[in-house]
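Summary of the model geometry
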Amino acid sequence: MKGKEMKFAKLFSIMLLGIMLVSAVSHAQSIPSGTARYEALGYNPFIKDASIDINRNPAWTTVYRNYAFGDIGRNEVNQNQLTEQFGAVNFGVSKDLALGLVLNKFEDRWNEFTIDTLYGVQRPVVPLKVTLGWQMSPNFALGLAPYYSGWSSETQPNATDLYKWSSSVFGGTVGVLGKMKSGWIEGAVDVKTHKYSYEQTVANVTNTFESNGGLSLNIFTRAFFVVNKATGINLVPYLSFGMYNWNPTITPTPTGFPADKFSYLDFNGGLGINMPVLEHGLLAGGLSVGYHQYKDKQDNSTFQQTYSEFYLPKFNFGLEWGFTDWLTGRLGYSRAVSSYKNEYQFTGVTTYNKGTNVTDPDQTITTGLGFHFDRFSLDGTVGERLYKNGIYLVSGKTNDLFGMLSASYNFGK
């Protein structure tokens, strides 16, 4: 699997190089974007980012036309392997139409369940997303992005036994983008179903373990309102809602088998500012509030667990500035305080524990660098060990310069 990831990284690099070579020469500038930029700026919901925006709301494909982008990967395993890679391209087919493709970007909730350890079912592989953007009028754009990934396996060890595994995710995103006199507003709805099946036939007796369809729903809306044209200050409110459910079944159902049913709810909202600073720089940040609830209920049983968490305050801050025409520095801050409650109900008795948490301090302060060469941009988060141990010439230790790498190329006119 890791070998395939390295091959994908090489293929993505070749794709970007090919686009650079065949594109017409012009004075168009790069458009830095990607997961690396987003994380370096404090996981910031108050910034605009081509890669993040297109994947969340396909209506943005009408804005970032003729644009290639993706994540080269994150160094999580060792220095020779990268993870979380994807590549994408968006073409301006006509004046009002944009068509694109996103390859290998996982947008599912699969890893939040343990199906693979229970039945041998694996996560769907090689996700494919097609993006379509339509500029319906000068002030309104519509976007659509269908999504699919799948996996299957089958084994017949003898004449009476047969084992079949399969999994899939299918759905898509619909988004809109509207311009106003004082700014713009966007909205997106994403719906996906997560299905799996493990069919076990032993001595000609079949048992089927499956999900009737784990539904996930995500809604996001955000606006940029110009507060002061002279200074470029924008007021940025946003709201998001997410939910999913996971309903595993067994046919025929064993007597007394407590199949767990999972559900999750998530709400977030915030208000911040976005404004230019320094020369070609950016300052963005704000305050958010959030709530999420996770519930695990067993069929044929009186057991139920409910975990809820309320975030307030949640801070996101990001500063981006240019050292030179080709080098950009980034600094981010992200931290939240939450009140949690973990409640258990069993045979009519309720027990709980509750308290106060803070988010992971390892990612509180983030930094990054962006390298820009005409139309091409390479952006990365700076690895924490580099600050701790120093560069190799000083410490003699091998450290990661980048924790996450993203790349993009603007081949528009």
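Above: the structure in question.
Now for a quick tour of the structure.

Calculation rules
- Residues numbered from 1 in each chain as written.
- Predicted model: local features only at pLDDT ≥ 70, side-chain atom pairs only at ≥ 80, totals over all residues.
- Heavy atoms only, no water.
- Helix = DSSP H or I, 4+ residues; strand = E, 2+ residues; numbered from the N terminus.
- Areas by Shrake-Rupley, 256 points an atom, 1.4 Å probe, with all protein chains shown as cover.
- Phe/Tyr/Trp six-rings, centres within 6.5 Å; stacked < 30°, edge-to-face > 60°.
- Lys NZ or Arg CZ within 6 Å of the ring centre and 35° of its normal.
- Contact = heavy atoms within 4.5 Å.
- Core = buried A, V, L, I, M, F, W, Y, C linked by side-chain atoms within 4.5 Å.
- Buried < 20%, exposed > 50% of the residue type's maximum accessible area, 1.4 Å probe, protein only.
- Patch = residues over 30% accessible without salt bridge, like charges linked within 9 Å, V, L, I, M, F, W, Y side chains within 5 Å.
- Salt bridge = Lys/Arg side-chain N within 4 Å of Asp/Glu carboxyl O.

Let us look at the overall build of the protein chain. Of the regular secondary structure elements, the protein chain holds six helices and 19 strands. Put simply, the protein chain shows about 21,100 Å² of open surface, and 61% of that area lies on carbon and sulfur atoms.

Evaluation of the coordinates by the stated rule reveals 24 aromatic pairs. Judged by centre distance (6.2 Å) and plane angle (20 degrees), the rings of Y307 and Y340 are stacked. Of this pair, Y307 sits in strand β14 (residues 304-322) while Y340 sits in strand β15 (residues 327-346), and the two are 33 residues apart along the sequence. Between the NZ or CZ atom of R56 and the centre of the ring of F220, over which it lies, the distance is 4.0 Å. Over the ring of Y352 we find K341, and its NZ or CZ is 4.8 Å from the ring centre.

Quick look at unusual backbone geometry now. Omega for the bond connecting T251 with P252 falls within 30 degrees of zero, at -5 degrees, which places this linkage in the cis form. Looking at the secondary structure, you find P252 in the loop between β11 (248-251) and β12 (260-277). Of note in the backbone geometry, V126 takes a positive phi value of approximately 45 degrees without being a glycine. Relative to the assigned elements, V126 resides in strand β4 (residues 125-137). Even without being a glycine, D374 presents a positive backbone phi close to 60 degrees. Along the chain, D374 falls in the loop between β17 (365-373) and β18 (376-382).

Quick look at the side chain of H194 now. Here H194 lies in strand β7 (residues 183-202). Those residues within four positions of H194 in sequence are excluded, and the remaining contacts are D108, R109, W110, S168, V169, S211, G213, G214, S216 and W246.

With that settled, consider the nonpolar core. W60, Y64, F69 and L177 are the most contacted members of the largest nonpolar core, which has 22 residues in total. For this core, the elements supplying multiple residues, two or more each, are α3 (50-56), β1 (67-74), β2 (86-92), β9 (214-228), β10 (233-246) and β13 (281-298). Sequence-distant contacts of Y64, defined by excluding residues within four places in its chain, comprise I31, K48, A50, D53, I54 and N90. With 14 residues, the next largest nonpolar core counts Y119, W165, F209 and W246 among its residues.

There is a patch of nonpolar side chains on the surface, built from F91, V93, L99, L101, L103, L128, V130, L132, L144 and V174 and spanning about 750 Å² of accessible area. Those elements that place two or more of their residues in the nonpolar patch are β3 (97-103) and β4. With respect to the helices and strands, the residue F91 is situated in strand β2. F91 sits in the partly exposed class, given a relative accessible area of 40%.

One can find K297 in strand β13. Given a relative accessible area of 44%, K297 falls into the partly exposed group. Sequence separation between K297 and S263 is 34 residues; the distance between their C-alpha atoms is 8.6 Å.

Within the secondary structure, S216 sits in strand β9. When its relative accessible area of 2% is taken as the criterion, S216 is described as buried. Once the C-alpha coordinates of S216 and W246 are considered, the two residues, 30 residues apart in sequence, prove to be 9.0 Å apart. Excluding residues that lie within four positions of it along the chain, S216 makes contacts with R109, D190, V191, K192, H194, M243 and Y244.

Here we come to the pattern of salt bridges. Per the counting criterion, the structure on display carries 14 salt bridges. Two residues, R123 and D108, come together in a salt bridge whose shortest N-O distance is 3.0 Å. Taken together, the residues span a long stretch of sequence, with R123 in the loop between α4 (115-119) and β4 and D108 in the loop between β3 and α4 at a distance of 15 residues. Overall, R123 belongs to the partly exposed group, its relative accessible area being 24%. Take D108: its relative accessible area is 12%, and that puts it in the buried class. When salt bridges that share partners are traced, they join R37, D49, E320, R330 and D379 into one network.

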